[in-house]
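Structural characterization, general
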Amino acid sequence: SNLIVATASSSGTLAALNANSDFETGLAPWVSVNGATLAIATDWSGSGTQSAAFHGNGSTANPAMQSEADPVTAGGAYTLSAALNSVIGWHAVQLTIQWLGSTGTVVGTVSCAAVAIAAATPSTAALSATAPANAVTARSLVQMTGTPASSVIMEADDVILSTATPASGNWV
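Since the structure is predicted, the reported quantities are computational estimates derived from the model, not experimental observations.

**Observations regarding the overall build of the chain**
Secondary structure assignment for the chain yields 0 helices and 12 strands. What you see in the chain, going N to C, is helices and strands ordered as β-β-β-β-β-β-β-β-β-β-β-β. The buried share among the 172 residues of the chain stands at 45%. When contacts within the chain are restricted to residue pairs at least 6 apart in sequence, long-range pairs at least 24 apart make up 74% of them. Accessible surface for the chain amounts to roughly 7,900 Å². Of this, 55% is attributable to carbon and sulfur atoms.

Right, dumping it as structure tokens:
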């Protein structure tokens, strides 16, 4: 039989591979990309008292927030999940994993199907994927697809990249 060992947090969930997934200590090392502005929000959170909030500039497509590059194992199974909220709502939000090779260049990208976030209706999104053979790190992104007006603010919390739970097997 195979023995599988997973690292779990005190809450019983798999531990985040990425830093600062709950934004309780600020934004770093998360950054904004594609014309986005990133800030801390205190009006909503998936857990704790803070979340990350981002919005586009109204003219650049696909505004997003992006994590640092975290070590992964080629061929390993990973899950990216997030709690999401928007006062105004947006019709298409995606979670994306960018796989990076040894030189830091993107060697693969995978995204979940776009999720519609209804106005003031917290939701969740998740993506499971296998790291390509040449991946050594991965970045996590939360993005609004299309070109939202700068007034459309997306809040994200508990943005967690973790090793994926296998579909079968014995957990100890």
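Back to the text.
**Side note on the side chain of Ser 51**
As for its position among the elements, Ser 51 is in strand 3 (residues 51-55). Here the side chain of Ser 51 touches Trp 44 through a polar contact of 2.8 Å, landing on its backbone oxygen. Apart from the residues lying within four places of it in its own chain, the contact partners of Ser 51 are Phe 23, Ala 39, Ile 40, Ala 41, Trp 44, Ser 45, Glu 155, Ala 156 and Asp 157.

**A few points about the sheet that holds strand 12 (residues 153-163)**
Reading across from one edge, 2-3-12-6-10 is the order of the 5 strands in this open sheet, with antiparallel pairing throughout. Lying at the two open borders of the sheet, with one neighbouring strand each, are strand 2 (37-41) and strand 10 (123-130). Taken pair by pair, the neighbouring strands of this sheet meet at an average axis angle of 30 degrees, ignoring direction. Both strand 6 (residues 77-85) and strand 12 contribute to a ladder of 7 bridges, which runs antiparallel. Paired with Asn 85 across the strands is Glu 155, a residue of strand 12.

Here is what the cut-offs are and how they apply
- Residues numbered from 1 in each chain as written.
- Predicted model: local features only at pLDDT ≥ 70, side-chain atom pairs only at ≥ 80, totals over all residues.
- Heavy atoms only, no water.
- Helix = DSSP H or I, 4+ residues; strand = E, 2+ residues; numbered from the N terminus.
- Buried < 20%, exposed > 50% of the residue type's maximum accessible area, 1.4 Å probe, protein only.
- Contact = heavy atoms within 4.5 Å.
- Areas by Shrake-Rupley, 256 points an atom, 1.4 Å probe, with all protein chains shown as cover.
- Polar contact = N/O pair within 3.5 Å; in protein donor to acceptor, adjacent residues only side chain to side chain.
- Pairing = 2+ DSSP bridges.
- Axes fitted to C-alpha atoms, helices over the stretch in contact; angles between N-to-C directions.

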